[in-house]
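# A closer look at the structure
Spelled out, the chains give:
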Amino acid sequence: MARDRNSARLKVKTDLEEMSLSPILLLLSDDEALSELVRGIAKRPWKLVRQPADGHMSREVFAQPNVRLVVLDDQAVEENDRGRLLAQIRKHFSGNSLLYIAGSQSDANEKRARTNGAHYYISKPLSFERLRYVLQSFLQVQQVKG
């Protein structure tokens, strides 16, 4: 009986350690279709952490360990908050890849994304096939970087 409990504790501890070592794809979006697409692509060893994007995200979002890729969907973020949110992402996740998805195409959105370190910019309506290809490419590159 005690042996079974110890075995169960060891399994839980091992699972938690494995999760903490897994590379994280941080998806900042309210879009359910986008979330489903990303969930279908981000397979083990990747761990998907989804958080609605807004201008007032909590510290816990930026304290995520082992984030390797950030996907920001700005559709639910107020225009005035986008630059500040990108600055926070750059501050907390510098060196990580950032994919920026704009709610609509505009030169201002693209310029803001690129000047704030976005590695890829796309606008809605999305070509899911194109986004799938790009996301898979970024995941492969990040996994190789280790």
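The following paragraphs examine the structure supplied in this document. (Residues numbered from 1 in each chain as written. Predicted model: local features only at pLDDT ≥ 70, side-chain atom pairs only at ≥ 80, totals over all residues. Heavy atoms only, no water.)

## Examining the packing of aromatic side chains
This model, assessed by the stated rule, comprises two aromatic pairs. Ring centres 6.1 Å apart and planes at 35° place the aromatic pair Phe62 and Phe93 in the tilted group. A residue pair is termed long-range when its members are at least 10 positions apart, and Phe62 in helix H3 (residues 59–62) and Phe93 in the loop between helix H4 (79–92) and strand S4 (97–102) qualify at 31 residues. Judged by its relative accessible area of 9%, Phe62 is buried. The class of Phe93 is buried, set by a relative accessible area of 6%. For the ring pair Tyr100 and Tyr121, a centre distance of 5.9 Å and an interplane angle of 20° mean the geometry is stacked. (Phe/Tyr/Trp six-rings, centres within 6.5 Å; stacked < 30°, edge-to-face > 60°. Helix = DSSP H or I, 4+ residues; strand = E, 2+ residues; numbered from the N terminus. Buried < 20%, exposed > 50% of the residue type's maximum accessible area, 1.4 Å probe, protein only.)

## Some words on the sheet that holds strand S3 (residues 67–73)
Overall, parallel pairing links the five strands, which are arranged S2-S1-S3-S4-S5 in an open sheet. The sheet is open, and its two edges are formed by strand S2 (47–51) and strand S5 (120–123), each paired on a single side. Going across the sheet, the axis of each strand differs from the next one's by a mean of 15°, ignoring polarity. Here S3 runs beside S4; their pairing, made up of five bridges, is parallel. Of the residues in S4, the one forming a bridge with Val71 is Leu99. Helix-sheet contacts for helix H5 (residues 107–115) involve S4 and S5, and the interaxial angle to S5 is about 160°. (Pairing = 2+ DSSP bridges. Axes fitted to C-alpha atoms, helices over the stretch in contact; angles between N-to-C directions. Contact = heavy atoms within 4.5 Å.)

## Things to note about the packing of H4 against H5
One way to put it is that H4 packs onto H5 with a least axis distance of 10 Å and a crossing angle of 20°. Here H4 is positioned roughly parallel relative to H5, judged by the angle of their axes. For the element pair H4 and H5, the recorded crossing hand is right-handed. Only Asn109, Arg112, Ala113 and Thr115 of H5 make contact with H4, whose side of the interface consists of Glu79, Arg82, Gly83, Leu86 and Arg90. Per-class residue counts for the contact of H4 with H5 are two nonpolar, three polar and four charged. (Parallel < 35°, antiparallel > 145°, perpendicular 65-115°, else oblique. Left-handed = near helix turned anticlockwise from the far one by under 90°. Nonpolar A, V, L, I, M, F, W, Y, C, P; charged D, E, K, R; others polar.)

## Some thoughts on the pairing of S4
With six of six residues buried, S4 is to be regarded as a mostly interior element. Burial of the side chains of S4 extends over both faces: Ser97, Leu99 and Ile101 are buried on one face and Leu98, Tyr100 and Ala102 on the other. Assessed by its sense of winding, the connection that carries the chain from S3 through H4 to S4 is right-handed. Sheet analysis places S4 next to S5, joined by four bridges and oriented parallel. By the bridge assignment for S5, Tyr100 is matched with Tyr121. A crossover connection joins S4 to the parallel S5 through H5; in handedness this β-α-β unit is right-handed. (Right-handed = clockwise from strand over helix to strand, strands pointing away.)

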